[in-house]
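Chain and residue survey
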Amino acid sequence: MGDDSEWMKLPVDQKCEHKLWKARLNGYEESLKIFQKIKDEKSPEWSKFLGLIKKFVTDSNAVVQLKGLEAALVYVENAHVAGKTTGEVVSGVVSKVFNQPKAKAKELGIEICLMYIEIEKGEAVQEELLKGLDSKNPKIIVACIETLRKALSEFGSKIILLKPIIKVLPKLFESREKAVRDEAKLIAVEIYRWIRDALRPPLQNINSVQLKELEEEWVKLPTGAPRPTRFLRSQQELEAKLEQQQSAGGDAEGGGDDGDEVPQIDAYELLEAVEILSKLPKDFYDKIEAKKWQERKEALEAVEVLVKNPKLEAGDYADLVKALKKVVGKDTNVMLVALAAKCLTGLAVGLRKKFGQYAGHVVPTILEKFKEKKPHVVQALQEAMDAIFLTTTLQNISEDVLAVMDNKNPTIKQQTSLFIARSFRHCTASTLPKSLLKPFCAALLKHINDSAPEVRDAAFEALGTALKVVGEKVVNPFLVDVDKLKLDKIKECSEKVELVHGKKAGLAAEKKECKPVPGRTAASGAAGDKDTKDISAPKPGPLKKAPATKAGGPPKKGKPTAPGGPGSAGTKNKKGLETKEIVEPELSLEVCEEKASAVLPATCIQLLDSSNWKERLACMEEFQKAVELMDRTDMPCQALVRMLAKKPGWKETNFQVMQMKLHIVALIAQKGNFSKTSAQIVLDGLVDKIGDVKCGNNAKEAMTAIAEACMLPWTAEQVMSMAFSQKNPKNQSETLNWLSNAIKEFGFSGLNVKAFISNVKTALAATNPAVRTSAITLLGVMYLYVGPSLRMFFEDEKPALLSQIDAEFEKMQGQSPPAPTRGISKHSTSGADEEDGDEPDDGGNDVVDLLPRTEISDKITSELVSKIGDKNWKIRKEGLDEVAGIINEAKFIQPNIGELPTALKGRLNDSNKILVQQTLNILQQLAVAMGPNIKQHVKNLGIPVITVLGDSKNNVRAAALATVNAWAEQTGMKEWLEGEDLSEELKKENPFLRQELLGWLAEKLPTLRSTPTDLILCVPHLYSCLEDRNGDVRKKAQDALPFFMMHLGYEKMAKATGKLKPTSKDQVLAMLEKAKANMPAKPAAPAKATSKPAGGSAPAKFQPASAPVEDSVSGTVEPKPDPKKAKALGISSKAKSAQGKKVPSKTSLKDDEDKSGPVFIVVPNGKEQRMKDEKGLKVLKWNFTTPRDEYIEQLKTQMSSCVAKWLQDEMFHSDFQHHNKALAVMVDHLESEKEGVIGCLDLILKWLTLRFFDTNTSVLMKALEYLKLLFTLLSEEEYHLTENEASSFIPYLILKVGEPKDVIRKDVRAILNRMCLVYPASKMFPFIMEGTKSKNSKQRAECLEELGCLVESYGMNVCQPTPGKALKEIAIHIGDRDNAVRNAALNTIVTVYNVHGDQVFKLIGTLSEKDMSMLEERIKRSAKRPAAAPVKQVEEKPQRTQSISSNANMLRKGPAEDMSSKLNQARSMSGHPEAAQMVRREFQLDLDEIENDNGTVRCEMPELVQHKLDDIFEPVLIPEPKIRAVSPHFDDMHSNTASTINFIISQVASGDINTSIQALTQIDEVLRQEDKAEAMSGHIDQFLIATFMQLRLVYNTHMADEKLDKDEIIKLYSCIIGNMISLFQIESLAREASTGVLKDLMHGLITLMLDSRIEDLEEGQQVIRSVNLLVVKVLEKSDQTNILSALLVLLQDSLLATASSPKFSELVMKCLWRMVRLLPDTINSINLDRILLDIHIFMKVFPKEKLKQCKSEFPIRTLKTLLHTLCKLKGPKILDHLTMIDNKNESELEAHLCRMMKHSMDQTGSKSDKETEKGASRIDEKSSKAKVNDFLAEIFKKIGSKENTKEGLAELYEYKKKYSDADIEPFLKNSSQFFQSYVERGLRVIEMEREGKGRIPTSTGNTNGEEVGPSVYLERLKILRQRCGLDNTKQDDRPPLTSLLSKPAVPTVASSTDMLHSKLSQLRESREQHQHSDLDSNQTHSSGSMTTSSSTANIDDLKKRLERIKSSRK
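Residues numbered from 1 in each chain as written. Predicted model: local features only at pLDDT ≥ 70, side-chain atom pairs only at ≥ 80, totals over all residues. Heavy atoms only, no water.

Here the focus is the overall build of the protein chain. If you tally the helices and strands in the protein chain, you get 107 helices and zero strands. Within the protein chain, residue pairs in contact and separated by at least 24 positions form 76% of the contacts whose partners lie at least 6 positions apart. Only carbon and sulfur atoms are counted for the fraction: they give 53% of the accessible area of the protein chain, which is about 87000 Å². (Helix = DSSP H or I, 4+ residues; strand = E, 2+ residues; numbered from the N terminus. Contact = heavy atoms within 4.5 Å. Areas by Shrake-Rupley, 256 points an atom, 1.4 Å probe, with all protein chains shown as cover.)

Here the protein chain averages 75 in pLDDT, and 76% of its residues register 70 or above. With pLDDT under 50 throughout, residues 250–263 is counted as low confidence; its partners more than four residues away or in other chains account for 15 contacts. pLDDT under 50 marks residues 1424–1482. Its contacts with residues more than four places away, or in other chains, come to 119 contacts. (pLDDT = per-residue confidence, 0-100.)

Here the UniProt-annotated "repeat: HEAT" (unreviewed entry) positions come out as residues 440–478. Helix makes up 77% of residues 440–478 and strand 0%, and the two end C-alpha atoms of the span are 10 Å apart. (UniProt positions renumbered as here; feature names shortened; annotations may be inferred.)

On to the packing of helix H69 (residues 1257–1276) against helix H72 (residues 1302–1315), then. Contact geometry of H69 with H72 gives a least axis separation of 9 Å together with a crossing angle of 20°. Between H69 and H72, the crossing angle belongs to the class labelled roughly parallel. Considering only the axes of H69 and H72, their crossing is left-handed. Residues Thr1257, Leu1260, Met1261, Leu1264, Glu1265, Leu1267, Lys1268, Leu1269, Phe1271 and Thr1272 of H69 touch H72, and the partners they reach there are Val1303, Ile1304, Asp1307, Val1308, Ala1310, Ile1311, Arg1314 and Met1315. A breakdown of the residues in the contact of H69 with H72 according to their chemical character gives twelve nonpolar, two polar and four charged. (Axes fitted to C-alpha atoms, helices over the stretch in contact; angles between N-to-C directions. Parallel < 35°, antiparallel > 145°, perpendicular 65-115°, else oblique. Left-handed = near helix turned anticlockwise from the far one by under 90°. Nonpolar A, V, L, I, M, F, W, Y, C, P; charged D, E, K, R; others polar.)

Tallied over the full model, the rule gives 23 aromatic pairs. Considering the side-chain rings of Phe1253 and Tyr1292, the 6.1 Å spacing of their centres and the 65° angle between planes classify their relative orientation as edge-to-face. Remark: Tyr1292 occurs in helix H71 (residues 1290–1295) and Phe1253 occurs in the loop between helix H68 (1241–1252) and H69; sequence separation between them is 39 residues. According to the relative accessible area criterion, Phe1253 is partly exposed, its value standing at 25%. Plain terms: the ring middles of Tyr1393 and Phe1401 are 6.2 Å apart, the flat faces sit at 65° to each other, and that makes the pair edge-to-face. Over the ring of Phe655 we find Lys694, and its NZ or CZ is 4.4 Å from the ring centre. Between the NZ or CZ atom of Lys1076 and the centre of the ring of Tyr1050, over which it lies, the distance is 4.2 Å. (Phe/Tyr/Trp six-rings, centres within 6.5 Å; stacked < 30°, edge-to-face > 60°. Buried < 20%, exposed > 50% of the residue type's maximum accessible area, 1.4 Å probe, protein only. Lys NZ or Arg CZ within 6 Å of the ring centre and 35° of its normal.)

The next point concerns unusual backbone geometry. For residues besides glycine, phi is generally negative; the peptide bonds are generally trans as well. Residue Gln1360 is joined to Pro1361 through a cis peptide bond whose omega torsion reads -5°. Here Pro1361 lies in the loop between helix H74 (1337–1354) and helix H75 (1363–1372). One non-glycine residue with positive phi stands out, namely Leu1177, at about 60°. Relative to the helices and strands, Leu1177 is located in the loop between helix H63 (1166–1175) and helix H64 (1189–1200). We classify Leu1177 as exposed; its relative accessible area is 67%.

Let us look at the nonpolar core. With 102 residues, the main nonpolar core has Tyr1613, Phe1624 and Ile1735 as its most contacted residues. Among the elements that line this core, the one with the most residues is helix H87 (residues 1606–1625), at eleven residues. Sequence-distant contacts of Tyr1613, that is, excluding residues within four places in its chain, are made with Leu1591, Val1594, Tyr1595, Met1599, Leu1648, Ile1654 and Val1663. One finds Phe1252, Leu1293, Phe1325 and Leu1347 within the second-largest nonpolar core, a separate group that totals 92 residues. (Core = buried A, V, L, I, M, F, W, Y, C linked by side-chain atoms within 4.5 Å.)

Right, let's talk about helix H94 (residues 1728–1741) for a bit. Between its first and last C-alpha, H94 extends 20 Å over 14 residues, near the 20 Å set by a 1.5 Å rise per residue. With 13 of its 14 residues buried, H94 lies for the most part within the structure. (Expected span 1.5 Å × (residues − 1).)

A few words now on the environment of Gly747. With respect to the secondary-structure elements, Gly747 resides in the loop between helix H41 (729–746) and helix H42 (753–764). Judged by relative accessible area, which is 2%, Gly747 ranks as buried. Separated by 71 residues in the primary sequence, Gly747 and Pro818 place their C-alpha atoms 7.9 Å from one another. Contact partners of Gly747, with chain neighbours within four places excluded, come to Leu712, Ala742, Tyr785 and Pro820.

Here we come to the pattern of salt bridges. The full count for this structure, using the stated rule, is 80 salt bridges. The shortest N-O distance in the salt bridge between Lys67 and Glu70 comes to 3.5 Å. Note that Lys67 and Glu70 are positioned in helix H6 (residues 62–78) at a spacing of three residues, about one turn of the helix. Among the salt bridges present, the one from Lys700 reaches Glu734, with a minimum N-O distance of 2.6 Å. Note that Lys700 is positioned in helix H39 (residues 696–710) and Glu734 in helix H41, a separation of 34 residues in sequence. Judged on exposure class, the residue Lys700 and its partner Glu734 are both buried. Each of Asp1302, Arg1305, Lys1306, Arg1309, Glu1342, Glu1345 and Glu1346 takes part in salt bridges that share partners, so that together they form one network. (Salt bridge = Lys/Arg side-chain N within 4 Å of Asp/Glu carboxyl O.)

A word on the packing of helix H92 (residues 1680–1696) against H94. Closest axis-to-axis distance for the H92/H94 pair is 9 Å, and the angle between their directions is 5°. Classed by the angle they form, the pair H92 and H94 counts as roughly parallel. Across from Thr1681, Asn1682, Leu1684, Ser1685, Leu1688, Val1689, Leu1691, Gln1692, Leu1695 and Leu1696 in H92, the residues of H94 making contact are Arg1730, Ile1731, Asp1734, Ile1735, Ile1737, Phe1738 and Val1741. Residue classes in the contact of H92 with H94 are distributed as eleven nonpolar, four polar and two charged.

Further remarks concern H41. Compared with an ideal rise of 1.5 Å per residue, which puts 18 residues at 26 Å, H41 spans 25 Å between its outermost C-alpha atoms and is within 8% of the ideal. Taken as a whole, H41 has its buried residues at Asn731, Gln732, Ser733, Glu734, Thr735, Leu736, Trp738, Leu739, Ser740, Ala742, Ile743 and Phe746. A distance of 2.8 Å separates the backbone nitrogen of Lys730 from a side-chain oxygen at the start of H41, and that oxygen is part of Asn728. Following H41 by one or two positions, Gly747 adopts a phi angle in the positive range, close to 85°. (Polar contact = N/O pair within 3.5 Å; in protein donor to acceptor, adjacent residues only side chain to side chain.)

For the rest of this paragraph, the subject is the state of the cysteines. Throughout the structure, instances matching the rule amount to zero disulfides. Cys619 forms no disulfide, and the closest cysteine sulfur to it belongs to Cys604, at a distance of 3.8 Å. According to the relative accessible area criterion, Cys619 is buried, its value standing at 1%. (Disulfide = S-S within 2.5 Å.)

Moving on to the environment of Thr1845. Mapped onto the elements, Thr1845 comes out in helix H100 (residues 1845–1858). Expressed as a C-alpha distance, the spacing of Thr1845 and Ile1835, which sit ten residues apart in the sequence, is 9.1 Å. Looking at Thr1845, its side chain comes within polar contact range of the side chain of Tyr1878, at 2.8 Å.

Okay, here's the thing in structure tokens:
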């Protein structure tokens, strides 16, 4: 016992863990007592036991365990922390309790599991129990199944997830243990009780005996719906309610519950999806096209077997569907048609919603196939249609179905109507809105009059079904013209119809209809019996009570185009409505007289046609009195107006009588039940009098009254047609004016735009100006409602008229339509949400629906589709271009676009991002072109666009978002949110996709009034986004949370957290709580407020609308927040709902009184006093990073004295909409209250700075708009900002210049520009300078650009404090991380350079080498002459404004400037030198501009144009002198083309990647078209220079830029390489590249190949492979001499440069080896003299010893190989080619060659004596006589070819010089005389040149390379001549050796940059020369300058010319 006493002392928790079983038993008992005592479920006591409960249930001692289980049960029931133990405890129960033999233990275990389920831990419990089913112990399995069964029985199928249980059922039925099988049977029965037949498919494969047993059990089950008997804690209240109801016998709630409960589980959900696409037979697609029907049948049967699987896995079924569709549509064998239809049915059933995207393609084909009569085919097609319908919505296929309704074949019509009837059965009142029902009803009404009875019956059935689904109230308006017999037939059908959703839909409709009865009855009073009779309705009961109800509802829906909300209050309205349905029969004159005499005095009727006007007047007065006293119900309107129309009727001559008459008409229309029949009697007369000076106004009043009674749309249509059927222009113009006003009074709803437009067009064509003016005014009013789409109808009008219309529209821009004051009730009450939602749709898209739409499906050919899917991206691009062209051309298209959707879908994941963007643009176009019909493509095209939101590239994402928004604008959001597609997208773990998609949803959801239930599917993924590792995703998810909750409700959202991990769940629930607080109300139908006053007859002013009067338009016209309108009005639906709560409903009349005075009160000296206060620190100085409350309060106090109270309330309201309103008021009062505005300008500016901190863009835009107007006004008033105003406003404005939105940045820049007119630019400068220090890179860039603009406009003096300091600060930004900032800084400094010249370099101080090189390059590229700085003139307004327009915008680089406009600019420049000034800010190399920028030439210009200046520097155009005139190859290029090409080439080197890519694309287009490629001739060097400059820029700058998207760089590289490859494939162009340029090009390409940064990029390897290919092309296609020479020089440079990598030299050598391999084929075309000279120089720089010291032996081997190959190919003749080497004897080369020759001769055993060399060569020559002939033939071929004529002549000259006895006669004698003289002349010229050349070096002697020796000048002149095209590629490329030897280490080939400079200078010089001589002499002068007799004179001449060049360069 001693032991006992020890443990007895221990605390309870330790006892529970004791090793003695007794101690534990005692511990458990005590615990149980403790648990029962604790009353508070949140007591801390519970937590002590958290870790022990598992031990309670898993105790090893059976007795103790029982006690433990009891304690655990109590714990779980009462402890709030128990949930945390679920997993471990239930797992313990399963493994350690269910295997116990004691039944009590098992019971307790089951009870614990159920208790956990009750405390909301069902999923965890179920998970553990399902794991238990895998146990090997059958006892455990049985117990787990039993627990699950009990749980299901008690809690119901909502809590216990059936899918996982059903999944394991078949396995349990196969168990060897009978107990398990029996238990499985029990649970199967229980599951069946809950889900009925949904259980059959999953169990179809179990043992048939078992299945039979189950069937027997299932039959025994009661049919009633089961109910849960036990509830979760959170549902316990519901349980209590249920009990109460049951005791009261009520069942409504239960019924409601069942409704939710039973369809909870769908058999489909319980099935596993099967993947069938891969299982299709391999030859399926071939077989299905086979000629033999048996083969086609086999293919279809294979598919049929596969689609029998009840659930199919999603995939791309497009091809399969296409194949099946083809069989259905085209196959002649009906058996196969039926089979294919079955396959489609199977697919639709198996895929469900996922099949929806294919529905649109298949439906028309199936419907048209209904022409087949065979029953089994028809049945198969019907089944297919029904199955497909379930996968999509009626809305989506409505277009296709309606199209088939007009088919001539009666069977098709019948089957289509039957399909519609069946489809309607699946609809409910909400899914079958009026907008959808209307076109169907219209089509079906045609069918009920069809000649074929089966078509009529089918139509009756369809209409009957519609009637049943949505109720009579909705359908009746469409059935107005149907006769009674047919109406009865429809009703009869309606009664027979069984709806899929049970009777609920109908009931709901009935309920809805009855609800408003009491209110309305009171409002409208009972109407007369006559009315009641006329109303056809099945239930007379309620009708008697309130005829208004029935009559009131429908007409609104029956408006000609736009149905309004159902049912409405209001007496006036009621009249109008009744007349719609109760069309009064036309009464005869006798009946009318009888009725009139009953209500009018007898005298009155007698005097109507008296001849005395006074009697008639008296009669009218009596008439009027009688009418005023009559009661509405007693007034026989038709009879009265008939009396008025009785002779003299409307021909009344006395105006007083006429006025009275018209007034009476108005009275009758207002007071009586005025029908359209009555209206038709009087309208003609009214229209006739409307133009009358005296009676016109009365006529208009009467018309307005009639419009109110019979609805404006109808009245307007009548009036317009009457007015335009007569000829009186006054009547026409006044009718139009009346209509303009009527639209403003009644609103636009329901008007038939199309009818008006034809009348308006007639009016616009009228000769009378008044009619035209009225028509334009009417258009202006319509524009307010319809928007810009109205203009589309008038695009073909004359320009003058169109400009008037545009001016009118311009006036209306930004105005919001006024609130309707008449007929309001029409819009005000809304019934079902959905219907209300449709209204604006109809109104808004009204015009769009009327547009003629083009059918483009025939243009979408299979070729085009295959083009779009081609492997080659260029062909894909062409295809896309074609599509864009087709859509552009068609403007508006029909929804049928053939195979286009699948083709475009493929391009959305194109590897080429440019094509993706292009596709997105096309999809945007498509949305606009197709309008609302784009809905049907949302699933197959819209959702893939959302996928693109996950792209890594910002610009692609932006494009995708724009596309999605463009689509959503047309389709509404419902289509997007339906189905699983959106949730599938959100599921993808792509941070970009998630943040973009959530952002989009957060923007769209608040505007919706209802969402599809599928939105809940997104919630689990939303929760995972809340915990995403990407911060942006988390933020976006948090932002979206309240909007999800707004639609789904907190409960559903909280319930959805159940599946989260505990830690996540707590976090998410906390966020939900937070979101609940911020949750906006759903946007209500805003107009509901308007209909509250009883009777609705109170004037609109008094109605407590949800917003003040100005805003009431939002309440009346706009039930659904149409995105477009919302923007225009500055109203967001979110705010609308909020306003209802916040704005006190004081009557607006009072508001109006408040608002009458001025809004700004002028307080004398108020501003000065405020400034003093601020200086004296009495108030806070306006200086903060974000505005604190004290600043806002201070401003409010200061404003109270000088701003109207009501405006101040708006300005400081918490809702941004009020700020918008305040700004609108301020804009209105700006002009009228100038003094007031200036008086409190400081306060206005301060208030606007507060708006800069708002997040709402619309406020910001409005504020900036106001500021622009404000500063324009201030500058007109010549006001100057005070320091105080400037310092408290400018810094905050500058913050906004960094906004991400481009449009805002533009506005801010515009405001800054205008501010310079009211505040000195020099004072602005420091503020903007401060802005450059921001962390926001966009702000830095924009500020720097603005500084550049200031300097350019006002000169250097604006730079404060000093130009030096300012520029140093600006220069710091050249090294900025951000590319845009760097560019802006460089541009600004270049601007200063242009104003100030070289002094800039002193001012900016020292820069890092990299920054300096960037700056120098930018200055070079800007190629500007420094101009004198303009004088600083702050006052000089015009100058600043002009500079804004011409320059400020030029600073912004980007796609904003269209390429074509740039080209035109360039073209205009070549013709007009002044135009050169235009591109002052395009810092790009533009040779034409420089050419034109020469003041001195201007006066001579016309004369010069005749000479085509471009010709001067086009090598193609200038062959040798004297030959020019007669050259057979002269090809005159048009100067314009050349200048355009120059311009484009200049853009290739742009620092802006996009500009460069655009330029490259254009050049590529030229190069790829053979006929155009020739245009590039003469520009090749220029183009290559630009290209490698760009390569260098990318290598040095772009690649180092962290922020730049590397994909952009890859794109640029691809463009460059692509262009080069195109170029080097055209041999004639490739040969134009000169040595220097080739050298630089090869340098650039090899550097690129070695750039390791490229390899790391995704597509880097591809780039490097392409470069490889390009290098090979360059080596093969370039002029062989030039490329060899370039490679030698490059090798020399690379070996000299210490920094150069050995890899670089190695690649150069590889290129040389490749050239060596090519030598045998090219040796004859190579100028060996030049190559040997290069080798000589190389050996001079690298003597053998030096080469041997190289680390690698490659250089020396390369050189030897090259020489060896040359020797081998040329033999001893090689030594004749050393002509260009001076003092050969010293040359190491000659010695080397001799050695090699000797060696080879030794080997062949011939004489090795040097003396016999010539002999040897002669022998050689004889032996190859044929070879010589070939050689000569080659030479003459060259002379004859256009490109190589000079080269050929040079070779011929060489040949003749070497072999003086050679006979070239045979080659000449066959040619023409002209050719012979051409050759002779050419040889003579070369001779003169050569000899002239030879003399120069001798006279100069050997200089030291100082810049004095003529050889240096000569070398530079060489370059000039080469650039100018006066270069003989063969001989003149090398300067004399003297200059080379003096500086052996310098590369001998002029670098291309030098060439660039020299070209610029040369352009100027060639101009000057032109002024002194004509073209020919100039050429002789420039190219033959060497031939002068005195070389000294020649050198002087050179010196002078170079001096000129130098000075011009400075």
